[in-house]
Structure formats: structure tokens, C-alpha cells
Protein chains: 2
Amino acid sequence: MTVAEDELTLVFSALADPTRRAILERLALGEATVNQLAEPFAMTQQAISKHLKVLERARLISRTRTAQSRPCVLDAERLDAVAGWIERHRRIWADRHDRLGQHLAALGATRHDDEGEVAP
Amino acid sequence: MTVAEDELTLVFSALADPTRRAILERLALGEATVNQLAEPFAMTQQAISKHLKVLERARLISRTRTAQSRPCVLDAERLDAVAGWIERHRRIWADRHDRLGQHLAALGATRHDDEGEVAP
DNA sequence: GGGTTGTGCAACCAATGGGTTGTGATTCCC
DNA sequence: GGGAATCACAACCCATTGGTTGCACAACCC
């Protein structure tokens, strides 16, 4: 289910770059070769190659060897994993937020000791 | 709605570190001071301070000045923004995947030219 | 006022990241 | 076989990051 810690790190840092996100957006339209991907960017093909290697290592894309070109395709499941993490924490935080709201409401109502805050 | 490009970069790179994710998990239990946050980690308080500054810059947490301590609290909306991005792309990719599936099915059925792939 | 506590700032350092150029390996085209 | 195209690898550069130590500052305790 939920990805391992270091995989999360891989995916998040892969997503933490505008160029790589743009590449992913581009790949959402369909598979593409390295040169096709490099074309819209003001940088060398080698730089794009590096970015692709990062995305591949995060398993956000996979590549098939077709003759002399190596088209890239998205690996959607990977994004699911991250979405899982996000969603989990979103819920936790939301709950926390609700509890805080209730807490504040309770405060406004009557007593106000027994915070029940952190306590590690 | 959807966050700006560079904000995405900020949030994703903030999340791309196990220590910072652990801090967030810890904060999901309730607000905490810098020293409380630093305690479970094998690093100095200053290092944690730096991590907090990164999280704050990504607006994943916010800090209130209470006397001499500066407790940290989560900022849930931020995670919503990222969740939005992820979810958007998850859908796009899923669609893409379906179309590919249909495509392959169609291939198995009858003809098989007219790929309708990329075309930039 | 003086010591302790909680925190931030600055300087430094090693490692990583994002980019470049240069080059080499395949595969296609003729 | 020879040239052009597609791509990856290696070496390098510079800026950023993640960590350290050392200090300064502000607020509490006495």
C-alpha cells in the first residue's frame, strides 16, 4: 500500500522540479522520445536525459527500447502511491483541525483547562 | 485553486525529506516547540530550525510567537493544494491509461494503423 | 542582577543537483 | 561502408542543501 519512506523521498524530489513536472505533463499526452521532450526547453538533450533518469528512478516513468529511440511513458501507479500519502495526511490534518475547532468552541462555552495537546 | 508553479516546487521539495515529513507527522498530533520537535532526531536543534524554516517557506506550517518559545502548527490548506495537483494528474494519467487500454483492445480486434499518438 | 532555557543567525564544510561540453555507441539511411 | 541521428556516459562548474559549531539575544527563574 503506502510507499516506503525512501521511495516517497524519490518521488517527491522528482516532482520538486518544474522541468520534470512539465515533462510529466507532456507525457500525459502520450509517449515521446527524448528529443521530442527536449524540444520545448532551452537546455541540452543531455540535461533532459538526466531529468528522465531521475523520473525513471522514482518510477514515475518507464522506458521501452524501440530501435534507436527510447520512448518514455508514464507510470501512473506511482502517482497513486504519493496520492495515498497526501490523502492520508490530509485527513489527519483535517481531523486535527476539526478537533481544534471543537476545542476552541468548547473553550468559548465553559471551562478551559485539560488541553490534551501534545505530550510526546 | 491550483497552486502556482514555484509554490509547487517549494512544497514538493519541502516534502522531499524524511526528517521534514517526520516533523509534519509529529505536528499532526498537535503543536510543538522546536526543542520538542528536535528531541527524537539525532541532530542539533539548529538543523531542525533550518528544516522548520523550509516548511514555513513552503507554508506547510506556521509559527506563533508565544513568550520565549515559538510553537509550530500545521497549515492544512497547503497540502490541499498539492493534493489538487496530484489528483488532477492522477485523473489525466488514468484516462490516458484507459485510452491506451482501449487502443490495445481495438488493436486486438481489427486494424492497426492510425495510432493517434503524440503529435506536438 | 545572574544563571538557565529556548531559539535564531552566521560561518563553515561536504555532498548533491542542475546545468554544460565533449565524446562514444547504436541504429537508420543511402 | 559512410554519414547522420538518437541517446547515454563522463568530467567538470557553480549554486544549493543538509549538517555542524559557535555565538548572540530574549525571556524566564531565583
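Further remarks concern the overall build of chain A. Helix and strand counts for chain A come out as 5 helices and 2 strands. The burial tally for chain A puts 37% of its 120 residues in the buried class. A separation threshold of at least 6 residues defines the contact pool for chain A, and within that pool the share at least 24 residues apart is 50%. Of the roughly 7,000 Å² of accessible surface on chain A, 53% is carried by carbon and sulfur atoms.

Residue and element names in this part refer to chain A. When pLDDT is averaged along chain A, the result is 78, and 73% of the positions lie at 70 or above. Averaged pLDDT values for the elements of chain A fall to 71 in helix 5 (residues 76-109) and rise to 95 in helix 4 (residues 45-57). Below a pLDDT of 50 lies the segment residues 110-120, which in the model reaches 12 contacts outside its immediate sequence neighbourhood of four places, other chains included.

This part is about the environment of Val54 of chain A. Residue and element names in this part refer to chain A. Of note, Val54 is situated in helix 4. Taking the relative accessible area as the measure of exposure, Val54 reaches 32% and is therefore partly exposed. Every residue in contact with Val54, bar those within four places of it in the chain, is listed here: Ala14 and Arg20.

Quick look at the protein's contact with DNA strand C now. In the region of DNA strand C, 22 residues are neighbours, and Thr44, Gln46, Lys50 and His51 of chain A together with Ser49 of chain B sit closest. Within 4 Å of the protein, the atoms of DNA strand C are drawn from sugar and phosphate moieties in a proportion of 62%. Asn35 of chain B is positioned with one of its backbone polar atoms (N or O) 2.9 Å from a phosphate oxygen of DNA strand C.

This part takes up the nonpolar core. Within soluble globular proteins, side chains that are nonpolar generally end up buried alongside one another. Counting residues in hydrophobic clusters, the biggest one holds 57 residues, and the most contacted among them are Leu60 of chain A together with Leu60 of chain B. In terms of residue count, the dominant contributor to this core is helix 5 (residues 76-109) of chain B (7 residues). Beyond its immediate chain neighbours, meaning those up to four positions away, Leu60 of chain A contacts Val11, Ala14, Leu15, Leu24, Leu55, Val73, Leu74, Asp75, Arg78 and Leu79 of chain A together with Trp93 of chain B.

The environment of DNA strand D is formed by 21 residues, the closest being Asn35 and Ser49 of chain A together with Gln46, Lys50 and His51 of chain B. Near the protein, within 4 Å, the atoms of DNA strand D are sugar or phosphate in 62% of cases. In this structure, a phosphate oxygen belonging to DNA strand D sits 2.8 Å away from a main-chain N or O atom of Asn35 of chain A. At 2.9 Å from a phosphate oxygen of DNA strand D is found a side-chain nitrogen or oxygen belonging to Thr44 of chain B. Contributing elements (two or more residues each) for the surface near DNA strand D: helix 3 (34-38) and helix 4 of chain A together with helix 4 (45-57) of chain B. For the surface near DNA strand D, the residue count by class is 4 nonpolar, 11 polar and 6 charged.

Now for the interface of chain B and chain A. Tallying the contact residues gives 36 residues for chain B and 36 residues for chain A. The interface formed by chain B and chain A holds 2 salt bridges in total. Arg90 of chain B is the partner of Asp80 of chain A in a salt bridge, and the nearest nitrogen-oxygen pair spans 3.0 Å. Along the contact surface separating chain B from chain A lie 6 residue pairs in polar contact (both at pLDDT 80 or more). Broken down by secondary-structure element, the contributors of at least two residues to the side of chain B that touches chain A are helix 1 (5-15), helix 2 (18-28) and helix 5 of chain B. The dominant element in the side of chain B that touches chain A, judged by the number of residues it contributes, is helix 5 of chain B, at 13 residues. A class-by-class count of the residues in the side of chain B that touches chain A yields 21 nonpolar, 4 polar and 11 charged.

Under the definition given, this model contains 6 salt bridges over all chains. Arg90 of chain A is paired through a salt bridge with Glu87 of chain A; the nearest N and O atoms lie 3.1 Å apart. Of the two residues, Arg90 of chain A and Glu87 of chain A are both situated in helix 5; the distance of 3 residues between them amounts to about one turn of the helix. When its relative accessible area of 27% is taken as the criterion, Arg90 of chain A is described as partly exposed. Among the ionic contacts, a cluster of salt bridges with common partners joins Asp80 of chain A together with Glu87 and Arg90 of chain B.

Turning next to the relation of the copies chain B and chain A. Superposition record for chain B on chain A: RMSD 0.0 Å, screw rotation 180°, translation along axis 0.0 Å. The operation mapping one copy onto its partner corresponds to a two-fold rotation axis.

Conventions used here
Residues numbered from 1 in each chain as written. Chains lettered and ligands numbered in written order. Predicted model: local features only at pLDDT ≥ 70, side-chain atom pairs only at ≥ 80, totals over all residues. Heavy atoms only, no water. Helix = DSSP H or I, 4+ residues; strand = E, 2+ residues; numbered from the N terminus. Buried < 20%, exposed > 50% of the residue type's maximum accessible area, 1.4 Å probe, protein only. Contact = heavy atoms within 4.5 Å. Areas by Shrake-Rupley, 256 points an atom, 1.4 Å probe, with all protein chains shown as cover. pLDDT = per-residue confidence, 0-100. Near = heavy atom within 4 Å. Polar contact = N/O pair within 3.5 Å; in protein donor to acceptor, adjacent residues only side chain to side chain. Core = buried A, V, L, I, M, F, W, Y, C linked by side-chain atoms within 4.5 Å. Nonpolar A, V, L, I, M, F, W, Y, C, P; charged D, E, K, R; others polar. Salt bridge = Lys/Arg side-chain N within 4 Å of Asp/Glu carboxyl O. Least-squares fit on C-alpha atoms with pLDDT ≥ 70 in both.

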